[in-house]
Amino acid sequence: MSEQRNKPTEQAENVASSAIEYFRVSDGADDSGLIEDNDLTEGLLDQNEDHGREPLPSHPISMASHWIKKMGHFVGYITVLSMLIVIPVTLYNALRQRRADLAAFHSGEVMVIGTIIMSVRLVYLHLTHWYMPDVQKYVVRILWMVPLYSFQSWLSLRFHNARIYIDAIRDLYEAFVIASFVYYLMELLGGQDALVQILERKNDPSIGSHAFPIKLFMKPWKMGTEFMLQCKHGVLQYVITKTIATILTLMFEWIGIYGEGQFSAGVAYPYMAFFLNISVMYALYCLVKLFYAINEELCNPINWKPLGKFLCIKGVVFFTWWQGVIIFYLRAHGVIADVGDWSSDEVANGLIDYAICIEMVFFAIAHSFSFSYKEYLPARFESEASESQPLPRTLQHPMSPQDAFWSSTVPKETLTDIQKMRRGVDASKEDASDQGSISLPEVKNPQEDDRNVV
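Here is a short report on the structure shown in this document. Predicted, not measured: the structure shown is a model, and the values here were computed from it.

### Details of the side chain of Ser344
Inspection of the secondary structure puts Ser344 in helix H12 (residues 344-370). Not counting the four nearest positions on each side in its chain, Ser344 is found in contact with Arg331, Ile336, Ala337 and Asp338.

### Some words on the nonpolar core
Among the nonpolar cores identified, the biggest contains 106 residues, and Met145, Tyr184, Phe227 and Ile294 are the most heavily contacted of them. With 15 residues, helix H10 (residues 269-299) is the single largest residue contributor to this core. Not counting residues within four places of it along the chain, the set of residues in contact with Phe227 comprises Leu199, Ile207, Gly208, Trp221, Lys222, Lys289, Leu290 and Ala293.

### Considerations on the pattern of salt bridges
Tallied over the full model, the rule gives 9 salt bridges. In this structure, the salt-bridge partner of Lys202 is Glu297, at a minimum N-O distance of 3.0 Å. One end of the pair, Lys202, is in the loop between helix H8 (192-200) and helix H9 (225-255); the other, Glu297, is in helix H10, and 95 residues separate them in sequence. Exposure remark for Glu297: the relative accessible area of 15% places this residue in the buried category.

### Some points on the packing of helix H5 (residues 133-143) against helix H7 (residues 163-188)
Packing of H5 against H7 leaves a shortest axis separation of 9 Å and a crossing angle of 155°. By the angle between their directions, the pair H5 and H7 is classed as roughly antiparallel. Considering the relative orientation of H5 and H7, their crossing is left-handed. Here Asp134, Val135, Tyr138, Val139, Arg141 and Ile142 of H5 come into contact with H7, specifically with Tyr173, Phe176, Val177, Ser180, Phe181, Tyr183, Tyr184, Glu187 and Leu188. Here the residues of the contact of H5 with H7 are counted per class, giving 11 nonpolar, 1 polar and 3 charged.

### A closer look at a nonpolar patch on the surface
Together, Ile78, Leu81, Leu84, Ile85, Val86 and Val89 line one region of the surface with nonpolar side chains, adding up to about 530 Å² of accessible area. Secondary-structure assignment places Ile85 in helix H3 (residues 60-96).

### As for the environment of Ala355
Here Ala355 lies in helix H12. Residues Ala355 and Gln323, 32 residues apart in the sequence, show an inter-C-alpha distance of 9.1 Å.

Thresholds, definitions, all that
Residues numbered from 1 in each chain as written. Predicted model: local features only at pLDDT ≥ 70, side-chain atom pairs only at ≥ 80, totals over all residues. Heavy atoms only, no water. Helix = DSSP H or I, 4+ residues; strand = E, 2+ residues; numbered from the N terminus. Contact = heavy atoms within 4.5 Å. Core = buried A, V, L, I, M, F, W, Y, C linked by side-chain atoms within 4.5 Å. Buried < 20%, exposed > 50% of the residue type's maximum accessible area, 1.4 Å probe, protein only. Salt bridge = Lys/Arg side-chain N within 4 Å of Asp/Glu carboxyl O. Axes fitted to C-alpha atoms, helices over the stretch in contact; angles between N-to-C directions. Parallel < 35°, antiparallel > 145°, perpendicular 65-115°, else oblique. Left-handed = near helix turned anticlockwise from the far one by under 90°. Nonpolar A, V, L, I, M, F, W, Y, C, P; charged D, E, K, R; others polar. Patch = residues over 30% accessible without salt bridge, like charges linked within 9 Å, V, L, I, M, F, W, Y side chains within 5 Å. Areas by Shrake-Rupley, 256 points an atom, 1.4 Å probe, with all protein chains shown as cover.

The structure is reproduced here in structure tokens:
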């Protein structure tokens, strides 16, 4: 009995001695003699680990976050498994009634719910592990693309008479996502100034040269500031073009001369599709040029696994765009005909929307691997830092989910660069090379100094 009564006393003495040991100043500590709160916590956790127990957070919000993370993979597996069971049953019941539209509505609804669950879970994990605010704000903006595409496509499928107005939201956001991905690549390498230095060290002139036929009307880009600005402006022009095209689409549809899917001279659709194709192809060209130029730095010394991220962006935005163009081409040549009460135009649009509902399920799964929150945890970079390539700004303690959410909403940098873009690349180069200017990475917030990782 005395030995049992002494066990709690011994445990308390061990914890107390551990705490006293952590209050001593180590060789690498500062002169204040103070310690960080998490240092003491780590010492106490070691004692708990010796007894084989994993400590649970005491704060209600922290406990909720803890259990959500524990159940995250379980929720993902259950979501996919439920879709594999429910979708065939839904399709079978609807097709028995000879209602293909109901089959598409209900099965698409199940896929949308599954996509939203998986995407929101991943966004939540980023918001609760907000260690790299300058990088993760772009990740969250990219992640919202999949549930938005999925939900918008189902709404267009369900309310196909108002589809053009519903699609306007997706059209605006997809251009915004492409620009966010460019900023994301820049921040991974330490920001715009660090990217320019990396490009200036490139000795291969072929990176800035162009292939036929682009080289006929475009001179080679000088590595450094010019290359960076040309790539960024090439993507931002698509944001502007897509915004103007969306407004014109709504206006032409209201007037009655849009003629979506009709390749005739009397409607606006073929002309707008032509200019949008040029704009989106040039944006993709600039994105590929930038990706090719910095792919080595994105893989070494820190492997950000850029290829998977690039394919996800390219797949969602550009594949879905060309998919729609091909389906409209097939409808225009009579391959897609009327089905029941649905006209050939409505059938073509329904195929596009239903295909997107299916594809977004797989992109949501791909995002969980390509844009995992674990890539941005501070512990990953303890042995991977490099003097030649600075790390993105990293915090010792994550921001609150509320602050993280609001910091990822307003695209101030995109709006600012679009305003500067009106002056052209040459004027932007002069601003960047101005000796009296101050680059953003050099401006530090004194309130955040104590949060930066040393």
